[in-house]
Amino acid sequence: AYFTLAERKIMGSIHRRRGPNVIGYLGLLQPLADGLKLFAKETILPSNANLVVFLIAPCLTFILSLIGWAVIPFNEGVVV
């Protein structure tokens, strides 16, 4: 979370504007505020969408991306 804060501050300096420094001292509470905002958001389910596919697709994408790591050798004879 704080890597994101550093990234935002660096991008802000590149764009010659202030980064996220609104919440807390030097913006140190910004990641917590972002997380709270994420959990407070309402989930919107489209009425015309197939709800099963709409809800399962992100989980399936995440699982398939993790499967890609399963064949990476970390050491000689160690494949997780």
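Residues numbered from 1 in each chain as written. Predicted model: local features only at pLDDT ≥ 70, side-chain atom pairs only at ≥ 80, totals over all residues. Heavy atoms only, no water.

Asker: Help me understand the overall build of the protein, please; the structure alone is not making it clear to me.
Answerer: Within the protein one finds 3 helices and 2 strands. Going from N to C terminus, the protein has its helices and strands arranged as α-α-α-β-β. By the burial criterion, 9% of the 80 residues in the protein qualify as buried. Pairs at least 24 apart in sequence give 16% of the contacts found in the protein among residues at least 6 apart. Accessible area for the protein stands at about 7,200 Å²; split by element, carbon and sulfur atoms hold 69% of it. (Helix = DSSP H or I, 4+ residues; strand = E, 2+ residues; numbered from the N terminus. Buried < 20%, exposed > 50% of the residue type's maximum accessible area, 1.4 Å probe, protein only. Contact = heavy atoms within 4.5 Å. Areas by Shrake-Rupley, 256 points an atom, 1.4 Å probe, with all protein chains shown as cover.)

Asker: What am I meant to see in the packing of helix α1 (residues 2–14) against helix α2 (residues 30–40) here?
Answerer: The relative placement of two packed helices comes down to the angle between their axes together with the axis-to-axis distance. Running from amino to carboxyl end, α1 crosses α2 at an angle of 110 degrees, the nearest separation of the two axes being 9 Å. One finds that α1 runs roughly perpendicular with respect to α2. The segment α1 lies against α2, with Y2, L5 and R8 engaging Q30, P31 and D34. Across the contact of α1 with α2, the residue classes break down as 3 nonpolar, 1 polar and 2 charged. (Axes fitted to C-alpha atoms, helices over the stretch in contact; angles between N-to-C directions. Parallel < 35°, antiparallel > 145°, perpendicular 65-115°, else oblique. Nonpolar A, V, L, I, M, F, W, Y, C, P; charged D, E, K, R; others polar.)

Asker: Would you mind going over α1 with me for this structure?
Answerer: Because each turn of an α-helix spans 3.6 residues, side chains separated by three or four positions end up pointing in the same direction. Given a rise of 1.5 Å per residue, 13 residues ought to cover 18 Å, and the 18 Å separating the end C-alpha atoms of α1 matches this to within 8%. At the C-terminal side of α1, R16 shows a positive phi close to 60 degrees. (Expected span 1.5 Å × (residues − 1).)

Asker: Honestly, the environment of A6 in this entry has me stumped. Any pointers?
Answerer: Mapped onto the fold, A6 is located in helix α1. For the pair A6 and L28, spaced 22 residues apart in sequence, the C-alpha to C-alpha distance is 9.8 Å.

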